[in-house]
Protein chains: 2
Amino acid sequence: MTTDFLVGQIRKKESFLCIGLDTDLDKVPKHLLQEEDPIFAFNKAIIDATHHLCVAYKPNTAFYEAYGIKGWQALEKTINYLNINYPEIFTIADAKRGDIGNTSTRYAKAFFEDLGFDSVTIAPYMGRDSVEPFLAFKDKHTILLALTSNMGAFDFQTKMVDGKELYKQVLEISKTYENSENLMYVVGATKATFLTEIRNIIPDSFLLVPGVGAQGGSLSEVCKYGMSNNVGLLVNSSRGIIYASDKENFAQASAEKAKELQQAMSLELKKR
Amino acid sequence: MTTDFLVGQIRKKESFLCIGLDTDLDKVPKHLLQEEDPIFAFNKAIIDATHHLCVAYKPNTAFYEAYGIKGWQALEKTINYLNINYPEIFTIADAKRGDIGNTSTRYAKAFFEDLGFDSVTIAPYMGRDSVEPFLAFKDKHTILLALTSNMGAFDFQTKMVDGKELYKQVLEISKTYENSENLMYVVGATKATFLTEIRNIIPDSFLLVPGVGAQGGSLSEVCKYGMSNNVGLLVNSSRGIIYASDKENFAQASAEKAKELQQAMSLELKKR
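Notes on the structure in this doc start here. What you see is a predicted model, and the numbers here were worked out from it, not measured in a lab. The written sequence of each chain sets the order in which its residues are numbered from 1. Throughout, the order in which chains and ligands are written sets their labels, letters from A for the former and numbers from 1 for the latter. pLDDT decides what is reported in this predicted model: residues at 70 or higher carry local features, side-chain atom pairs at 80 or more are listed and counted, and totals for whole chains, interfaces and linings draw on all residues regardless. Remark: hydrogens and water are excluded; side-chain values derive from all non-hydrogen atoms of the structure.

As a further point, take the relation of the copies chain B and chain A. A least-squares fit on C-alpha atoms brings the copies together, and the residues used are those whose pLDDT is at least 70 in both copies. Here chain B sits on chain A after a turn of 180° about the axis and a move of 0.0 Å along it, with an RMSD of 0.0 Å. In symmetry terms, the pair is related by a two-fold rotation axis. In terms of proximity to the rotation axis, the leading residue of chain B is Val161 of chain B, whose C-alpha is 2.5 Å off the axis. When the interface residues of chain B are mapped onto chain A, 100% of them again lie at the interface, so the same face is used by both copies. The criterion used for residue contact is that any of the two residues' heavy atoms lie within 4.5 Å.

Take the packing of helix 2 (residues 38-50) of chain B against helix 12 (residues 250-271) of chain B next. All names here are of chain B. To get an axis, a line is fitted to the C-alpha atoms, and for a helix only the part in contact is used. The angle between two axes follows their N-to-C directions and goes from 0 to 180 degrees. Under the DSSP-based scheme used, a helix requires at least four consecutive residues in state H or I and a strand at least two consecutive residues in state E, with every element numbered from the N terminus. At a closest axis distance of 8 Å, the pairing of helix 2 and helix 12 adopts a crossing angle of 45°. Compared by their axis directions, helix 2 and helix 12 come out oblique. Two packed elements cross with a definite hand, and for helix 2 against helix 12 that hand is right-handed. The segment helix 2 lies against helix 12, with Phe42, Ala45, Ile46, Ala49 and Thr50 engaging Phe250, Ala251, Ser254, Ala255 and Ala258. Under the scheme applied, nonpolar residues are Ala, Val, Leu, Ile, Met, Phe, Trp, Tyr, Cys and Pro; charged residues are Asp, Glu, Lys and Arg; polar residues are all the others, including Gly. Broken down by class, the residue content of the contact of helix 2 with helix 12 amounts to 8 nonpolar, 2 polar and no charged. Should an angle lie under 35 degrees it is considered roughly parallel, over 145 roughly antiparallel, and from 65 to 115 roughly perpendicular; all remaining angles are considered oblique. Left-handed describes a crossing whose near helix is turned anticlockwise from the far helix by less than a right angle; the clockwise case is right-handed.

A common way to report how large an interface is uses the accessible area buried once the components associate. The interface of chain B with chain A comprises 53 residues on the first partner and 53 residues on the second. Summed over both partners, the accessible area lost on bringing two parts together, with a 1.4 Å probe, is the buried area. Taken together, both faces of the contact between chain B and chain A bury some 4,600 Å²; the carbon and sulfur share is 59%. When the buried surface of chain B facing chain A is broken down by residue, Arg106, Tyr125 and Phe156 of chain B rank first, second and third, together holding 21% of it. Salt bridges are defined by distance alone: a side-chain nitrogen of Lys or Arg within 4 Å of a carboxyl oxygen of Asp or Glu. The tally of links from chain B across to chain A stands at 6 salt bridges. Put simply, Arg106 of chain A and Asp24 of chain B hold a salt bridge, and the shortest N to O gap is 3.0 Å. Contacts described as polar in this section are N or O atom pairs within 3.5 Å, which, within protein, must combine one atom able to donate a hydrogen with one able to accept it, while residues neighboring in sequence count only if both atoms come from side chains. The interface formed by chain B and chain A contains 30 residue pairs in polar contact (both at pLDDT 80 or more).

Quick look at the sheet that holds strand 10 (residues 233-237) of chain B now. Hydrogen bonds along the backbone pair up the strands of a sheet, which may run parallel or antiparallel. Residues and elements named next belong to chain B. For two strands to count as paired, DSSP must find a minimum of two bridges between them. With parallel pairing, the 8 strands of this closed barrel are ordered in space as 1-2-3-4-5-8-9-10. The mean inter-strand angle of the sheet, taken between neighbouring strand axes irrespective of direction, is 30°. Along the sheet, helix 5 (residues 101-114) makes contact with strand 3 (90-97), strand 4 (119-122) and strand 5 (141-147), crossing strand 3 at roughly 155°.

What follows is about helix 5 of chain B. Residues and elements named next belong to chain B. Between its terminal C-alpha atoms helix 5 stretches 19 Å, which fits the 20 Å expected from 14 residues at 1.5 Å a residue. Each residue is assigned a bend, namely the angle between axes fitted to the seven residues that terminate at it and the seven residues that start at it. Taking the largest bend as the criterion, helix 5 deviates by roughly 25°, centred on Ala108. If you check which residues of helix 5 are buried, you get Thr103, Ser104, Arg106, Tyr107, Ala108, Ala110, Phe111 and Phe112. Once helix 5 ends, the next one or two residues include Gly116, with phi positive near 80°. To estimate the expected span of a helix, subtract one from its residue number and multiply by 1.5 Å. The buried label goes to any residue with under 20% of its type's maximum accessible area, the exposed label to any with over 50%, and the partly exposed label to all in between, with areas taken from a 1.4 Å probe on protein chains only.

A pair of aromatic rings is counted whenever rings of Phe, Tyr or Trp (Trp by its six-membered ring) have centres within 6.5 Å, and the orientation is called stacked for planes under 30 degrees apart, edge-to-face for over 60 and tilted otherwise. Evaluation of the coordinates by the stated rule reveals 17 aromatic pairs over all chains. Here the aromatic rings of Phe112 of chain A and Phe134 of chain A are separated by 6.3 Å at their centres, their planes lie at 90°, and the arrangement is edge-to-face. Of the two residues, Phe112 of chain A is situated in helix 5 (residues 101-114) and Phe134 of chain A in helix 6 (residues 128-135); the sequence distance between them amounts to 22 residues. Accessibility expressed as a relative area gives 0% for Phe134 of chain A, which makes it buried. Summarising the aromatic geometry, the rings of Tyr81 of chain B and Tyr86 of chain B are spaced 6.2 Å apart at their centres and angled 70° between planes, so their arrangement reads as edge-to-face. Considered together, Tyr81 of chain B and Tyr86 of chain B belong to a single accessibility category, that of buried residues.

Below, the discussion takes up the environment of Asn102 of chain A. Structurally, Asn102 of chain A can be placed in helix 5. Along the sequence, Asn102 of chain A and Phe156 of chain A sit 54 residues apart, while their C-alpha atoms lie 27 Å from each other.

Moving on, we come to the pattern of salt bridges. All names here are of chain A. Following the criterion strictly, the structure yields 30 salt bridges over all chains and no others. Here Lys270 ties to Glu14 by a salt bridge, and the two come within 3.5 Å at their closest N and O atoms. Pair noted here: Lys270 is in helix 12 (residues 250-271) and Glu14 is in the loop between helix 1 (3-13) and strand 1 (17-20), with a separation of 256 residues, a long-range link. A residue is classified by how much of its surface remains accessible, and Lys270, at 60% relative accessible area, is exposed.

It is worth spelling out the pairing of strand 8 (residues 183-187) of chain B at this point. Residues and elements named next belong to chain B. Taking burial as the measure, the 5 residues of strand 8 include 5 buried ones, the bulk of the element. The alternating pattern of strand 8 places Leu183, Tyr185 and Val187 on one face and Met184 and Val186 on the opposite face, and all of these are buried. Pairing geometry for strand 5 and strand 8, over 5 bridges, is parallel. Across the sheet, the residue bridging to Leu144 is Tyr185, located in strand 8. The sheet contact formed by strand 8 and strand 9 (residues 207-209) spans 2 bridges and is parallel. Its bridge partner being in strand 9, Tyr185 is matched across the sheet by Leu207.

Residues and elements named next belong to chain B. Summarising burial for helix 6 (residues 128-135): 6 of the 8 residues are buried, a large majority. Burial in helix 6 covers these residues: Ser130, Val131, Glu132, Pro133, Phe134 and Leu135. On its buried side, helix 6 packs onto helix 5, strand 4, strand 5 and strand 8.

Turning next to the side chain of Gln262 of chain A. All names here are of chain A. Residue position: Gln262 is located in helix 12. At 3.1 Å, the side chain of Gln262 forms a polar contact with the backbone oxygen of Glu14. Excluding residues within four positions of it along the chain, Gln262 makes contact with Lys13, Glu14, Ser15 and Leu53.

With that settled, the discussion passes to the state of the cysteines. The term disulfide is used for any two cysteine sulfur atoms that are within 2.5 Å. One pass over the full model with this rule turns up 0 disulfides over all chains. Considering cysteine sulfurs only, Cys18 of chain A is the nearest to Cys54 of chain A, which forms no disulfide, with 7.5 Å between them.

Residue and element names in this part refer to chain A. Around the barrel, 8 strands lie side by side as 1-2-3-4-5-8-9-10; this closed barrel has parallel pairing. Taken over all neighbouring pairs, the strand axes of this sheet differ in orientation by 30° on average, direction set aside. Two strands pair when backbone bridges link them, and strand 3 (residues 90-97) and strand 4 (residues 119-122) are joined in this way by 3 bridges, in the parallel orientation. Opposite Ile92, over in strand 4, you have Ser119 as the bridge partner.

All names here are of chain A. Interaxial distance between helix 2 (residues 38-50) and helix 4 (residues 68-85) falls to 9 Å at its minimum, and their mutual angle equals 25°. Considering their axes alone, helix 2 and helix 4 lie roughly parallel with respect to each other. Every pair of crossing elements has a handedness; the one defined by helix 2 and helix 4 is right-handed. Together, Ile39, Phe40, Asn43, Lys44, Ile47 and Asp48 of helix 2 and Gly71, Ala74, Lys77, Thr78, Tyr81 and Leu82 of helix 4 make up the contact between the two elements.

This is the structure:
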């Protein structure tokens, strides 16, 4: 998917919502456990109920790997279902991979070609030759971890490197990578005040922002300081949407939560 | 597996060789492609021919994910085969994972409990709460990327952070993590001169060293500067061993390459 197409979808749906499909069999409604593939049954119901309110879905691969072969089958079924039924949706494999050269190319082929994801999240620690193999794929997007939203982000990401925080070095240096126009970045919303400085370095890149609640407070701040001319934001919510209810009507409850966020986003888009 | 048991195996086999099972169907002998599961058939033959010469096997998960469900089945069969037939072998899932809190716990369960690996490689960028979930597993080992052997290592890992290279900060800070006795570290052998400084920070931890050739030159240097009182080294070779030949006798050819390295290691162990 091209960035232009994604921006068009955001304008059309008045939404830059990404829904995290972190599907956990301990949390899905009990009646689904009788299904042959309860993970896929849950995802399918959530997708059918929410696809018009969001522009992206983001399965975190850990949740699928945790169920072994069955988990991978559920992941394959989910991405196939999205690509066949909702090809306008931007898909993110939240895999946080990172390896060297040809090995990175293998991961890239697995996620971009075999599974058919539009994008994959990547850890920057191993540097240029661990990232460029992903960037080589046309109309595919590499979402680099810059500033994450967990406490451990302060261990290394915010440490000063040559007079600048490490996450800013990641932004600066990655801009010099070949095909860097295919880069997006993970930026934890809990540090929304950092967004101005981030936008000084990467004015136009898309940011994938986790950790924004349905209350709208932090969403306003993220939009105020993080929105670019082409929107440039994908704001993710996982548990707040997909586990809105554990009853029979769980999918409808998810859609209501997604709708709240979509409406807040619609207002933000209209402000600008 | 306990570290003491691993050290005992190294002393007994006079080897600290780890064999990388980076199995690529473009490179395995052509006659294996007729097998129902050529990846597993290749791994099984290599393992049966080399298990007495090494103490560890390290499949890189990218090579398995690249083949989708079939690849994961081959990985499962390989680790099961090792655990049933050669339980004395230390197994490493070279996955370079890293995520937050509960998500990390999912990866840890997948690799340590479901698949039954003894260890997994982890990227440090997300910090403490991305690593500690792995460290919580008793007698399992978390192998943190410190200094990798690729060119991209110079992008961030060797940059100065508070007067010290980032990879040294990773060593220092990770020592303070809970259950840090379960940590090992990836240290690229191409920077063997850095080993003295690394040993000043982590005198006893095991180092997983990639990129040592069969020629013995760099092996001597790695041992001179990197060996600890309890050996503290696992030296990996992948392609140099497993693709020694593409003929019918490929497994025997691999064993010969492994034997060369094992004999060089035996000499190094006797020097000390």
